[in-house]
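If you want the building blocks of each chain, they are given just below.
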Amino acid sequence: MNNQLINKYNIPGPRYTSYPTVPYWDNDSFSTNQWKETLLKSFNESNEKEGISVYIHLPFCDSLCTFCACHKHITVQHSVEDNYIETVLKEWDLYLDLLEYKPIIKELHLGGGTPTFFSPKNLKRLLESIFNKAIIADKPEFSLEGHPNNTTREHMRTLYDLGFRRISFGVQDYDPKVQKAINRIQPYENVKNVTETAREIGYESISHDLVFGLPFHTLDAMKDTIQKTKTLNPDRIALYSYAHVPWVKGVGQRGFKDSDLPKPEVKRELYETGKEMLEEMGYVEIGMDHFSLKDDKLYQAAIHKKMHRNFMGYSSSNTQVMIGLGMSAISDSWYSFAQNPKTVKEYTEIVNRGEIPVVKGHILNEEDLVIRRHILNLMCNLETNIDDRTLNYIDLDNTKERLEEMANDGLLEWHDNKLIVTEKGRLFVRNICMTFDLKMLRNKPETRIFSMTV
Ligand SMILES: C[S@@+](CC[C@H](N)C(=O)[O-])C[C@H]1O[C@@H](n2cnc3c(N)ncnc32)[C@H](O)[C@@H]1O
Ligand code: SF4
(Lines give C-alpha, C1' and ligand atoms only; values in the text may rest on other atoms or scores of the structure.)
(Ligands and ions follow the chains in the order given, each with its own letter.)
Protein backbone atom coordinates (compact mmCIF):
# COMPACT_ATOMS: atom_id res chain seq x y z
CA MET A 1 0.00 0.00 0.00
CA ASN A 2 1.20 3.41 -1.01
CA ASN A 3 2.40 5.33 2.05
CA GLN A 4 1.33 8.58 0.43
CA LEU A 5 -2.28 7.39 0.38
CA ILE A 6 -2.06 6.36 4.01
CA ASN A 7 -0.64 9.75 4.98
CA LYS A 8 -3.36 11.48 3.01
CA TYR A 9 -6.35 9.53 4.28
CA ASN A 10 -5.34 8.54 7.80
CA ILE A 11 -7.51 11.04 9.65
CA PRO A 12 -9.89 10.71 12.62
CA GLY A 13 -13.14 9.17 11.43
CA PRO A 14 -16.20 7.22 12.62
CA ARG A 15 -16.58 3.44 12.23
CA TYR A 16 -20.17 4.02 11.09
CA THR A 17 -21.99 1.53 13.24
CA SER A 18 -24.79 4.10 12.98
CA TYR A 19 -25.71 7.23 11.05
CA PRO A 20 -25.79 9.83 12.47
CA THR A 21 -22.83 8.70 14.56
CA VAL A 22 -23.34 8.97 18.32
CA PRO A 23 -21.40 12.26 18.79
CA TYR A 24 -23.74 13.90 16.25
CA TRP A 25 -27.01 12.82 17.80
CA ASP A 26 -29.31 15.75 18.49
CA ASN A 27 -29.85 14.89 22.14
CA ASP A 28 -31.44 18.27 22.90
CA SER A 29 -34.41 17.59 20.63
CA PHE A 30 -34.73 13.99 21.82
CA SER A 31 -37.14 12.84 24.51
CA THR A 32 -38.11 9.46 25.94
CA ASN A 33 -41.67 10.05 24.72
CA GLN A 34 -40.49 10.51 21.15
CA TRP A 35 -38.42 7.36 21.47
CA LYS A 36 -41.49 5.43 22.64
CA GLU A 37 -43.65 6.84 19.80
CA THR A 38 -41.15 6.06 17.04
CA LEU A 39 -40.41 2.63 18.48
CA LEU A 40 -44.11 1.80 18.62
CA LYS A 41 -44.67 2.95 15.04
CA SER A 42 -41.75 0.89 13.80
CA PHE A 43 -42.71 -2.14 15.90
CA ASN A 44 -46.25 -2.09 14.54
CA GLU A 45 -44.92 -1.83 10.99
CA SER A 46 -42.42 -4.65 11.24
CA ASN A 47 -42.98 -7.13 14.10
CA GLU A 48 -45.42 -9.38 12.22
CA LYS A 49 -43.31 -9.27 9.07
CA GLU A 50 -39.79 -9.86 10.35
CA GLY A 51 -39.75 -9.85 14.15
CA ILE A 52 -37.38 -7.80 16.29
CA SER A 53 -33.80 -8.03 17.55
CA VAL A 54 -32.83 -7.89 21.18
CA TYR A 55 -29.38 -6.88 22.35
CA ILE A 56 -28.47 -7.51 25.99
CA HIS A 57 -25.41 -5.77 27.37
CA LEU A 58 -23.74 -7.76 30.13
CA PRO A 59 -21.05 -5.34 31.29
CA PHE A 60 -19.01 -7.13 33.93
CA CYS A 61 -15.42 -8.35 33.42
CA ASP A 62 -13.12 -10.02 35.94
CA SER A 63 -10.15 -7.86 34.98
CA LEU A 64 -9.39 -4.85 32.83
CA CYS A 65 -7.74 -5.26 29.42
CA THR A 66 -5.98 -1.93 29.00
CA PHE A 67 -6.75 -1.60 25.27
CA CYS A 68 -10.50 -2.04 25.63
CA ALA A 69 -12.92 0.58 24.30
CA CYS A 70 -16.11 -1.29 25.30
CA HIS A 71 -18.53 -0.18 28.02
CA LYS A 72 -17.59 -2.44 30.88
CA HIS A 73 -17.54 -2.63 34.66
CA ILE A 74 -14.63 -4.45 36.28
CA THR A 75 -15.40 -6.45 39.41
CA VAL A 76 -14.55 -9.76 41.02
CA GLN A 77 -17.84 -9.78 42.97
CA HIS A 78 -20.12 -12.24 41.23
CA SER A 79 -22.89 -11.26 43.63
CA VAL A 80 -23.62 -8.39 41.16
CA GLU A 81 -25.15 -10.89 38.74
CA ASP A 82 -28.51 -11.32 40.48
CA ASN A 83 -29.28 -7.63 40.80
CA TYR A 84 -28.26 -6.91 37.26
CA ILE A 85 -30.47 -9.67 35.87
CA GLU A 86 -33.43 -8.41 37.91
CA THR A 87 -32.92 -4.94 36.44
CA VAL A 88 -32.68 -6.17 32.85
CA LEU A 89 -35.88 -8.16 33.34
CA LYS A 90 -37.65 -5.11 34.76
CA GLU A 91 -36.49 -3.11 31.75
CA TRP A 92 -37.85 -5.83 29.42
CA ASP A 93 -41.19 -5.61 31.26
CA LEU A 94 -41.23 -1.83 30.71
CA TYR A 95 -40.89 -2.43 26.98
CA LEU A 96 -43.53 -5.16 27.00
CA ASP A 97 -45.96 -2.76 28.71
CA LEU A 98 -45.38 -0.28 25.91
CA LEU A 99 -45.72 -2.69 22.97
CA GLU A 100 -49.24 -3.46 21.85
CA TYR A 101 -48.70 -7.14 21.28
CA LYS A 102 -46.11 -9.83 21.90
CA PRO A 103 -42.76 -9.25 20.21
CA ILE A 104 -41.46 -11.95 17.89
CA ILE A 105 -37.76 -12.36 18.65
CA LYS A 106 -35.82 -13.05 15.46
CA GLU A 107 -32.34 -12.17 16.69
CA LEU A 108 -30.76 -11.94 20.10
CA HIS A 109 -27.18 -11.06 20.96
CA LEU A 110 -25.42 -11.15 24.31
CA GLY A 111 -22.60 -8.59 24.28
CA GLY A 112 -20.36 -6.97 26.79
CA GLY A 113 -18.31 -6.66 28.79
CA THR A 114 -18.20 -10.37 29.22
CA PRO A 115 -21.48 -12.33 29.00
CA THR A 116 -19.62 -15.44 30.24
CA PHE A 117 -18.84 -13.60 33.49
CA PHE A 118 -22.39 -14.67 34.44
CA SER A 119 -22.98 -18.24 35.57
CA PRO A 120 -24.75 -20.56 33.10
CA LYS A 121 -27.61 -20.84 35.60
CA ASN A 122 -28.09 -17.07 35.69
CA LEU A 123 -27.90 -16.72 31.91
CA LYS A 124 -30.56 -19.43 31.62
CA ARG A 125 -32.80 -17.63 34.08
CA LEU A 126 -32.37 -14.33 32.25
CA LEU A 127 -33.08 -15.76 28.82
CA GLU A 128 -35.97 -18.00 29.80
CA SER A 129 -37.69 -15.07 31.50
CA ILE A 130 -37.25 -12.97 28.33
CA PHE A 131 -38.42 -15.74 26.00
CA ASN A 132 -41.44 -16.62 28.15
CA LYS A 133 -43.00 -13.25 27.42
CA ALA A 134 -42.29 -13.27 23.68
CA ILE A 135 -42.74 -15.42 20.59
CA ILE A 136 -39.58 -16.97 19.21
CA ALA A 137 -39.34 -16.68 15.42
CA ASP A 138 -38.69 -19.58 13.14
CA LYS A 139 -34.92 -20.19 12.80
CA PRO A 140 -33.92 -17.48 15.27
CA GLU A 141 -30.37 -16.13 15.26
CA PHE A 142 -28.97 -16.11 18.77
CA SER A 143 -25.33 -15.26 19.40
CA LEU A 144 -22.96 -14.36 22.18
CA GLU A 145 -19.50 -13.04 22.93
CA GLY A 146 -17.43 -15.38 25.06
CA HIS A 147 -14.13 -14.77 26.80
CA PRO A 148 -11.81 -17.75 26.12
CA ASN A 149 -10.52 -17.57 29.70
CA ASN A 150 -13.89 -18.07 31.37
CA THR A 151 -16.28 -19.68 28.86
CA THR A 152 -17.08 -23.18 30.09
CA ARG A 153 -18.62 -26.20 28.40
CA GLU A 154 -21.63 -25.66 30.66
CA HIS A 155 -22.06 -22.07 29.40
CA MET A 156 -22.00 -23.22 25.80
CA ARG A 157 -24.23 -26.26 26.39
CA THR A 158 -26.83 -24.21 28.30
CA LEU A 159 -26.97 -21.52 25.63
CA TYR A 160 -27.02 -24.05 22.79
CA ASP A 161 -30.06 -25.67 24.39
CA LEU A 162 -31.70 -22.24 24.43
CA GLY A 163 -31.16 -21.86 20.67
CA PHE A 164 -27.74 -20.17 20.43
CA ARG A 165 -25.80 -21.22 17.31
CA ARG A 166 -23.19 -18.46 16.96
CA ILE A 167 -20.38 -17.60 19.33
CA SER A 168 -17.47 -15.18 19.02
CA PHE A 169 -14.34 -15.32 21.14
CA GLY A 170 -12.08 -12.38 21.94
CA VAL A 171 -8.59 -13.51 20.95
CA GLN A 172 -6.86 -10.18 20.09
CA ASP A 173 -3.29 -11.51 19.64
CA TYR A 174 -1.24 -14.47 20.85
CA ASP A 175 2.06 -12.63 21.35
CA PRO A 176 3.09 -12.73 25.05
CA LYS A 177 4.56 -9.21 24.96
CA VAL A 178 1.37 -7.78 23.44
CA GLN A 179 -0.76 -9.75 25.92
CA LYS A 180 1.27 -8.41 28.83
CA ALA A 181 0.95 -4.81 27.57
CA ILE A 182 -2.83 -5.10 27.28
CA ASN A 183 -3.12 -6.98 30.59
CA ARG A 184 -4.71 -10.01 29.01
CA ILE A 185 -2.81 -13.23 29.43
CA GLN A 186 -4.63 -15.75 27.33
CA PRO A 187 -2.80 -18.89 26.16
CA TYR A 188 -3.54 -20.51 22.81
CA GLU A 189 -4.65 -23.64 24.70
CA ASN A 190 -7.62 -21.74 26.17
CA VAL A 191 -8.78 -20.56 22.74
CA LYS A 192 -8.28 -24.05 21.28
CA ASN A 193 -10.26 -25.58 24.10
CA VAL A 194 -13.30 -23.29 23.82
CA THR A 195 -13.30 -23.37 20.01
CA GLU A 196 -13.22 -27.16 19.87
CA THR A 197 -15.85 -27.49 22.59
CA ALA A 198 -18.16 -25.04 20.79
CA ARG A 199 -17.81 -27.04 17.59
CA GLU A 200 -18.38 -30.32 19.38
CA ILE A 201 -21.58 -28.98 20.97
CA GLY A 202 -22.86 -27.94 17.56
CA TYR A 203 -22.32 -24.18 17.21
CA GLU A 204 -22.68 -23.43 13.51
CA SER A 205 -20.64 -20.26 13.36
CA ILE A 206 -17.58 -19.68 15.50
CA SER A 207 -15.82 -16.38 15.23
CA HIS A 208 -12.49 -15.06 16.53
CA ASP A 209 -11.85 -11.36 17.20
CA LEU A 210 -8.30 -10.34 16.33
CA VAL A 211 -6.89 -6.84 16.77
CA PHE A 212 -3.94 -5.42 14.84
CA GLY A 213 -1.89 -2.39 15.84
CA LEU A 214 -1.84 -3.15 19.57
CA PRO A 215 1.18 -1.98 21.62
CA PHE A 216 4.41 -3.80 20.66
CA HIS A 217 2.62 -5.54 17.79
CA THR A 218 5.08 -6.79 15.15
CA LEU A 219 4.78 -8.45 11.79
CA ASP A 220 6.12 -11.71 13.21
CA ALA A 221 3.51 -11.64 15.98
CA MET A 222 0.80 -11.05 13.39
CA LYS A 223 1.98 -13.96 11.24
CA ASP A 224 2.14 -16.25 14.25
CA THR A 225 -1.36 -15.23 15.39
CA ILE A 226 -2.81 -15.92 11.94
CA GLN A 227 -1.02 -19.29 11.77
CA LYS A 228 -2.42 -20.27 15.15
CA THR A 229 -5.88 -19.05 14.09
CA LYS A 230 -5.65 -21.26 11.01
CA THR A 231 -5.19 -24.37 13.11
CA LEU A 232 -8.57 -23.67 14.77
CA ASN A 233 -10.37 -22.83 11.52
CA PRO A 234 -13.02 -20.36 12.83
CA ASP A 235 -15.90 -19.68 10.41
CA ARG A 236 -15.49 -15.93 10.77
CA ILE A 237 -12.71 -13.62 11.80
CA ALA A 238 -13.06 -10.00 12.79
CA LEU A 239 -9.73 -8.30 12.16
CA TYR A 240 -10.16 -5.01 13.97
CA SER A 241 -7.87 -2.06 13.72
CA TYR A 242 -6.90 -1.11 17.26
CA ALA A 243 -8.94 1.99 18.07
CA HIS A 244 -6.78 4.14 20.28
CA VAL A 245 -9.18 6.43 22.09
CA PRO A 246 -7.37 7.33 25.34
CA TRP A 247 -9.36 10.55 25.72
CA VAL A 248 -12.58 8.65 26.43
CA LYS A 249 -13.05 8.60 30.18
CA GLY A 250 -12.52 5.23 31.81
CA VAL A 251 -11.32 3.24 28.80
CA GLY A 252 -8.22 2.28 30.77
CA GLN A 253 -5.87 2.56 27.84
CA ARG A 254 -3.12 4.36 29.66
CA GLY A 255 -1.21 1.21 30.64
CA PHE A 256 1.24 1.76 27.77
CA LYS A 257 2.79 4.71 26.00
CA ASP A 258 1.74 6.05 22.60
CA SER A 259 5.31 5.35 21.45
CA ASP A 260 4.73 1.62 22.12
CA LEU A 261 2.14 1.58 19.32
CA PRO A 262 3.14 0.62 15.77
CA LYS A 263 3.41 3.56 13.33
CA PRO A 264 0.54 3.93 10.78
CA GLU A 265 2.65 2.43 7.93
CA VAL A 266 3.50 -0.57 10.11
CA LYS A 267 -0.11 -0.86 11.20
CA ARG A 268 -1.19 -0.98 7.57
CA GLU A 269 1.44 -3.63 6.84
CA LEU A 270 0.12 -5.69 9.74
CA TYR A 271 -3.32 -5.52 8.21
CA GLU A 272 -2.12 -6.30 4.67
CA THR A 273 -0.14 -9.30 5.91
CA GLY A 274 -3.07 -10.60 7.95
CA LYS A 275 -5.44 -10.15 5.03
CA GLU A 276 -3.13 -11.88 2.56
CA MET A 277 -2.61 -14.84 4.84
CA LEU A 278 -6.33 -15.16 5.57
CA GLU A 279 -7.19 -15.04 1.88
CA GLU A 280 -4.63 -17.76 1.17
CA MET A 281 -6.42 -19.85 3.79
CA GLY A 282 -9.77 -19.49 1.99
CA TYR A 283 -11.29 -16.56 3.90
CA VAL A 284 -13.09 -13.84 1.99
CA GLU A 285 -13.00 -10.23 3.13
CA ILE A 286 -16.46 -8.88 3.85
CA GLY A 287 -17.39 -5.22 4.34
CA MET A 288 -14.82 -3.66 6.66
CA ASP A 289 -12.77 -5.65 9.23
CA HIS A 290 -14.48 -9.00 8.58
CA PHE A 291 -13.42 -12.26 6.96
CA SER A 292 -15.51 -15.35 6.53
CA LEU A 293 -15.35 -18.84 5.09
CA LYS A 294 -17.61 -19.33 2.09
CA ASP A 295 -20.06 -21.59 3.88
CA ASP A 296 -20.71 -19.08 6.66
CA LYS A 297 -24.03 -17.18 6.61
CA LEU A 298 -22.26 -13.82 6.61
CA TYR A 299 -20.61 -14.64 3.28
CA GLN A 300 -23.95 -15.68 1.83
CA ALA A 301 -25.53 -12.46 3.12
CA ALA A 302 -22.66 -10.43 1.65
CA ILE A 303 -22.87 -11.88 -1.86
CA HIS A 304 -26.65 -11.44 -1.89
CA LYS A 305 -26.21 -7.90 -0.58
CA LYS A 306 -28.32 -8.72 2.46
CA MET A 307 -25.77 -7.80 5.09
CA HIS A 308 -26.60 -5.24 7.74
CA ARG A 309 -24.42 -3.17 10.07
CA ASN A 310 -25.35 -2.03 13.53
CA PHE A 311 -23.75 -1.30 16.89
CA MET A 312 -22.51 -4.90 17.16
CA GLY A 313 -20.84 -4.79 13.75
CA TYR A 314 -22.07 -6.81 10.76
CA SER A 315 -24.96 -9.21 10.83
CA SER A 316 -26.49 -11.60 8.31
CA SER A 317 -30.06 -10.75 9.16
CA ASN A 318 -31.78 -7.51 9.74
CA THR A 319 -34.85 -6.30 11.57
CA GLN A 320 -36.25 -2.78 11.61
CA VAL A 321 -36.42 -2.77 15.41
CA MET A 322 -33.62 -3.56 17.82
CA ILE A 323 -34.27 -3.20 21.53
CA GLY A 324 -31.09 -2.81 23.57
CA LEU A 325 -31.31 -3.85 27.22
CA GLY A 326 -28.75 -3.17 29.94
CA MET A 327 -26.27 -0.49 30.87
CA SER A 328 -25.05 1.56 27.84
CA ALA A 329 -27.13 -0.52 25.39
CA ILE A 330 -28.27 1.25 22.24
CA SER A 331 -31.68 0.66 20.68
CA ASP A 332 -32.59 1.36 17.08
CA SER A 333 -36.11 1.73 15.68
CA TRP A 334 -34.81 2.75 12.23
CA TYR A 335 -36.53 6.13 12.76
CA SER A 336 -34.66 6.78 16.00
CA PHE A 337 -31.75 5.71 18.23
CA ALA A 338 -31.74 5.66 22.03
CA GLN A 339 -29.01 4.85 24.53
CA ASN A 340 -29.12 3.71 28.16
CA PRO A 341 -26.86 5.26 30.86
CA LYS A 342 -23.22 4.24 30.86
CA THR A 343 -23.02 3.27 34.52
CA VAL A 344 -24.72 0.31 36.18
CA LYS A 345 -25.74 2.59 39.06
CA GLU A 346 -27.61 5.16 36.97
CA TYR A 347 -29.13 2.45 34.77
CA THR A 348 -30.46 0.59 37.82
CA GLU A 349 -31.83 3.75 39.46
CA ILE A 350 -33.87 4.75 36.41
CA VAL A 351 -35.28 1.26 35.85
CA ASN A 352 -36.19 1.02 39.54
CA ARG A 353 -38.18 4.25 39.16
CA GLY A 354 -40.24 2.36 36.57
CA GLU A 355 -38.97 4.33 33.58
CA ILE A 356 -37.49 3.13 30.28
CA PRO A 357 -33.88 4.12 31.01
CA VAL A 358 -32.89 5.95 27.82
CA VAL A 359 -30.84 9.07 28.51
CA LYS A 360 -29.79 10.15 25.04
CA GLY A 361 -30.85 9.56 21.48
CA HIS A 362 -31.67 10.92 18.09
CA ILE A 363 -34.80 11.10 15.95
CA LEU A 364 -33.84 10.72 12.28
CA ASN A 365 -35.25 13.24 9.80
CA GLU A 366 -35.77 12.60 6.07
CA GLU A 367 -32.24 13.68 5.24
CA ASP A 368 -30.72 11.42 7.92
CA LEU A 369 -32.67 8.45 6.55
CA VAL A 370 -31.37 9.01 3.02
CA ILE A 371 -27.76 9.40 4.16
CA ARG A 372 -28.07 6.45 6.51
CA ARG A 373 -29.07 4.25 3.59
CA HIS A 374 -26.01 5.34 1.55
CA ILE A 375 -23.64 4.78 4.46
CA LEU A 376 -25.10 1.32 5.10
CA ASN A 377 -24.77 0.50 1.37
CA LEU A 378 -21.15 1.57 1.38
CA MET A 379 -20.18 -0.16 4.62
CA CYS A 380 -22.02 -3.40 3.74
CA ASN A 381 -21.98 -3.66 -0.07
CA LEU A 382 -19.14 -1.31 -0.97
CA GLU A 383 -21.38 0.47 -3.48
CA THR A 384 -24.30 2.87 -3.59
CA ASN A 385 -26.58 4.51 -6.15
CA ILE A 386 -26.83 8.26 -6.18
CA ASP A 387 -30.49 8.84 -7.04
CA ASP A 388 -32.70 11.90 -7.25
CA ARG A 389 -33.67 11.74 -3.59
CA THR A 390 -30.03 12.04 -2.64
CA LEU A 391 -29.59 15.11 -4.81
CA ASN A 392 -32.20 16.93 -2.74
CA TYR A 393 -29.96 16.73 0.28
CA ILE A 394 -26.38 16.55 -0.78
CA ASP A 395 -24.50 19.48 -2.12
CA LEU A 396 -23.37 17.09 -4.79
CA ASP A 397 -20.81 19.42 -6.40
CA ASN A 398 -18.96 19.54 -3.13
CA THR A 399 -19.32 15.83 -2.44
CA LYS A 400 -18.53 14.94 -6.05
CA GLU A 401 -15.33 16.98 -5.93
CA ARG A 402 -14.14 14.96 -2.94
CA LEU A 403 -15.25 11.73 -4.54
CA GLU A 404 -13.52 12.66 -7.81
CA GLU A 405 -10.27 13.04 -5.92
CA MET A 406 -10.77 9.61 -4.36
CA ALA A 407 -11.54 8.21 -7.84
CA ASN A 408 -8.25 9.72 -9.10
CA ASP A 409 -6.49 8.00 -6.22
CA GLY A 410 -8.03 4.69 -7.36
CA LEU A 411 -10.27 4.27 -4.31
CA LEU A 412 -13.59 4.22 -6.19
CA GLU A 413 -15.14 4.05 -9.63
CA TRP A 414 -18.32 5.50 -11.13
CA HIS A 415 -20.60 3.29 -13.23
CA ASP A 416 -23.21 5.85 -14.33
CA ASN A 417 -24.81 6.89 -11.05
CA LYS A 418 -23.42 3.98 -9.13
CA LEU A 419 -20.40 4.51 -6.91
CA ILE A 420 -18.31 1.34 -6.49
CA VAL A 421 -15.50 1.07 -3.96
CA THR A 422 -12.41 -0.60 -5.49
CA GLU A 423 -10.25 -3.23 -3.75
CA LYS A 424 -7.72 -0.49 -3.04
CA GLY A 425 -10.48 1.74 -1.68
CA ARG A 426 -11.81 -0.89 0.72
CA LEU A 427 -9.25 0.24 3.31
CA PHE A 428 -10.57 3.76 3.06
CA VAL A 429 -14.29 3.02 3.04
CA ARG A 430 -14.69 5.08 6.24
CA ASN A 431 -13.18 8.06 4.41
CA ILE A 432 -15.60 7.54 1.51
CA CYS A 433 -18.55 7.44 3.92
CA MET A 434 -17.31 10.66 5.47
CA THR A 435 -17.96 12.51 2.19
CA PHE A 436 -21.67 11.70 2.68
CA ASP A 437 -21.71 12.48 6.39
CA LEU A 438 -23.55 15.79 6.21
CA LYS A 439 -23.74 16.09 9.99
CA MET A 440 -19.96 15.99 10.26
CA LEU A 441 -19.32 18.12 7.18
CA ARG A 442 -21.52 20.87 8.60
CA ASN A 443 -20.02 20.73 12.02
CA LYS A 444 -16.45 19.45 12.31
CA PRO A 445 -15.61 18.19 15.81
CA GLU A 446 -13.53 20.63 17.82
CA THR A 447 -11.73 17.90 19.71
CA ARG A 448 -10.65 14.35 18.85
CA ILE A 449 -13.68 12.11 19.19
CA PHE A 450 -12.92 9.42 16.62
CA SER A 451 -10.04 7.00 16.20
CA MET A 452 -7.86 7.21 13.06
CA THR A 453 -9.26 5.64 9.89
CA VAL A 454 -6.08 3.58 9.24
C1 LIG B 1 -16.80 -7.17 24.48
S2 LIG B 1 -15.29 -7.77 23.84
C3 LIG B 1 -15.48 -9.51 23.56
C4 LIG B 1 -15.91 -10.42 24.71
C5 LIG B 1 -15.01 -10.56 25.90
N6 LIG B 1 -15.17 -9.43 26.76
C7 LIG B 1 -13.57 -10.73 25.53
O8 LIG B 1 -12.82 -9.77 25.71
O9 LIG B 1 -13.20 -11.82 25.10
C10 LIG B 1 -15.50 -7.19 22.20
C11 LIG B 1 -14.32 -7.10 21.25
O12 LIG B 1 -14.09 -5.74 20.89
C13 LIG B 1 -12.77 -5.60 20.41
N14 LIG B 1 -12.20 -4.37 20.97
C15 LIG B 1 -12.30 -3.90 22.22
N16 LIG B 1 -11.62 -2.74 22.36
C17 LIG B 1 -11.09 -2.46 21.15
C18 LIG B 1 -10.28 -1.40 20.64
N19 LIG B 1 -9.87 -0.41 21.42
N20 LIG B 1 -9.95 -1.43 19.34
C21 LIG B 1 -10.35 -2.44 18.53
N22 LIG B 1 -11.09 -3.48 18.95
C23 LIG B 1 -11.46 -3.49 20.24
C24 LIG B 1 -11.99 -6.82 20.88
O25 LIG B 1 -11.59 -7.59 19.78
C26 LIG B 1 -12.98 -7.57 21.77
O27 LIG B 1 -12.84 -8.95 21.65
S1 SF4 C 1 -11.67 -6.86 26.09
FE2 SF4 C 1 -13.41 -8.01 26.92
S3 SF4 C 1 -12.68 -8.81 28.90
FE4 SF4 C 1 -11.27 -7.21 28.31
S5 SF4 C 1 -12.05 -5.40 29.38
FE6 SF4 C 1 -12.87 -5.38 27.28
S7 SF4 C 1 -14.84 -6.34 27.46
FE8 SF4 C 1 -13.70 -6.87 29.33
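Residues numbered from 1 in each chain as written. Chains lettered and ligands numbered in written order. Predicted model: local features only at pLDDT ≥ 70, side-chain atom pairs only at ≥ 80, totals over all residues. Heavy atoms only, no water.

**A few points about the site of ligand 1**
- In the vicinity of ligand 1 lie 21 residues, with Phe67, Gly113, Gln172, Arg184 and Asp209 positioned nearest.
- Take Arg184: an N or O atom from its side chain is 2.7 Å from an oxygen atom of ligand 1.
- Relative to its unbound accessible area of 570 Å², ligand 1 is 90% covered by the protein chains. (Near = heavy atom within 4 Å. Polar contact = N/O pair within 3.5 Å; in protein donor to acceptor, adjacent residues only side chain to side chain. Areas by Shrake-Rupley, 256 points an atom, 1.4 Å probe, with all protein chains shown as cover.)

**Notes on the nonpolar core**
- Formed by 63 residues in total, the largest nonpolar core has its most connected members in Tyr16, Leu239, Ile375, Met379, Leu419, Ile432 and Phe436.
- In terms of residues, this core owes the most to one element, helix H12 (residues 366-381), which gives 7 residues.
- Counting 55 residues, the second-largest nonpolar core is a separate cluster that includes Phe30, Tyr203, Val321 and Val344. (Core = buried A, V, L, I, M, F, W, Y, C linked by side-chain atoms within 4.5 Å. Buried < 20%, exposed > 50% of the residue type's maximum accessible area, 1.4 Å probe, protein only. Helix = DSSP H or I, 4+ residues; strand = E, 2+ residues; numbered from the N terminus.)

**Things to note about the site of ligand 2**
- Neighbouring residues of ligand 2: Cys61, Cys65, Phe67, Cys68, Lys72, Gly113, Thr114, His147 and Arg184.
- When the residues that make up the shell around ligand 2 are grouped by side-chain class, the tally is 4 nonpolar, 3 polar and 2 charged. (Nonpolar A, V, L, I, M, F, W, Y, C, P; charged D, E, K, R; others polar.)

**Thoughts on the environment of Trp247**
- With respect to the element layout, Trp247 can be found in the loop between strand S8 (236-241) and helix H9 (264-280).
- On the accessibility criterion, Trp247 (33% relative accessible area) is partly exposed.
- A sequence separation of 203 residues divides Trp247 from Phe450, and the C-alpha atoms of the two residues are 9.8 Å apart.

**Remarks on empty space enclosed by the protein**
- Tallying each qualifying case throughout the model produces 3 cavities of 30 Å³ or more.
- Roughly 130 Å³ of volume is contained in the largest cavity.
- Taken together, 14 residues form the lining of the largest cavity, with Arg268, Met288, Asp289, Leu427 and Thr453 sitting closest to its centre.
- Elements represented by at least two residues in the lining of the largest cavity include exactly S8 and H9.
- Here the lining of the largest cavity is built from residues that sort into 5 nonpolar, 3 polar and 6 charged. (1 Å grid on protein atoms, 1.4 Å probe; cavity = no way out; pocket = protein on both sides within 12 Å on 5 of 7 lines; lining within 4 Å. Points joined across faces, edges and corners; volume = space filled by probe spheres on them.)

**Observations regarding the environment of Cys65**
- Here Cys65 shows up in the loop between strand S2 (60-61) and strand S3 (73-74).
- In this structure the C-alpha to C-alpha distance between Cys65 and Lys263, which are 198 residues apart in sequence, comes to 21 Å.

**What about the sheet that holds strand S19 (residues 418-421)?**
- One open sheet accounts for 3 strands, arranged S17-S19-S18; its pairing is antiparallel. The sheet is open, and its two borders are formed by strand S17 (383-385) and strand S18 (412-415), each paired with just one other strand. Here the strands of the sheet are splayed against their neighbours by 15 degrees on average, with no regard to which way each runs.
- Where S17 lies against S19, 3 bridges are found, and the strand directions are antiparallel. Across the sheet, residue Thr384 finds its bridge partner in S19, namely Leu419. (Pairing = 2+ DSSP bridges. Axes fitted to C-alpha atoms, helices over the stretch in contact; angles between N-to-C directions.)

**Describing the side chain of Glu91**
- Relative to the helices and strands, Glu91 resides in helix H3 (residues 80-98).
- Of the side chains with opposite charge, Lys90 comes closest to the buried, unpaired Glu91, at an N-O distance of 11 Å.
- Apart from residues no more than four positions distant in its own chain, Glu91 is found in contact with Gly324, Leu325, Gly326, Asn340, Tyr347, Val351 and Pro357. (Lys, Arg positive; Asp, Glu negative; His and termini not counted. Salt bridge = Lys/Arg side-chain N within 4 Å of Asp/Glu carboxyl O. Contact = heavy atoms within 4.5 Å.)

**Describing the packing of H3 against helix H11 (residues 344-352)**
- Contact pair H3 / H11: the axes reach a minimum separation of 10 Å and the direction vectors enclose 45 degrees. It follows that H3 is oblique to H11 by the angle criterion. As for how H3 packs across H11, the hand of that crossing is left-handed. Residue-level contacts link Tyr84, Thr87, Val88, Lys90, Glu91 and Leu94 of H3 to Val344, Tyr347, Thr348, Val351 and Asn352 of H11.
- Grouping the constituent residues of the contact of H3 with H11 by class yields 6 nonpolar, 3 polar and 2 charged. (Parallel < 35°, antiparallel > 145°, perpendicular 65-115°, else oblique. Left-handed = near helix turned anticlockwise from the far one by under 90°.)

**A look at the packing of helix H5 (residues 153-161) against helix H7 (residues 188-201)**
- Between H5 and H7, the least distance of the axes is 10 Å, while the angle of their chain directions is 30 degrees. Judged on the interaxial angle alone, H7 and H5 are roughly parallel. The interaxial crossing formed by H5 with H7 has right-handed handedness. From H5, Arg153, Met156, Arg157 and Tyr160 reach across to H7, where they touch Val194, Thr197, Ala198, Glu200 and Ile201.
- The residue makeup of the contact of H5 with H7, split by class, is 5 nonpolar, 1 polar and 3 charged.

**Some words on the state of the cysteines**
- One pass over the full model with this rule turns up 0 disulfides.
- Summary of cysteine pairing: Cys433 is not part of a disulfide, and the nearest cysteine sulfur, belonging to Cys380, is at 9.5 Å. (Disulfide = S-S within 2.5 Å.)

**Thoughts on the pattern of salt bridges**
- The tally for this structure, following the rule as stated, stands at 27 salt bridges.
- The closest approach of N and O atoms between Arg236 and Asp296, which form a salt bridge, is 2.5 Å. One end of the pair, Arg236, is in strand S8; the other, Asp296, is in the loop between strand S10 (290-292) and helix H10 (297-303), and 60 residues separate them in sequence.
- Note on Arg236: relative accessible area 5%, which makes it buried.
- A residue is classified by how much of its surface remains accessible, and Asp296, at 2% relative accessible area, is buried.
- Salt-bridge contacts for Lys439 lead to Asp368; the nearest nitrogen and oxygen are separated by 2.7 Å. With Lys439 in helix H16 (residues 438-442) and Asp368 in helix H12, this pair connects stretches of sequence that are 71 residues apart.
- By relative accessible area, Asp368 is classed as buried at 0%.

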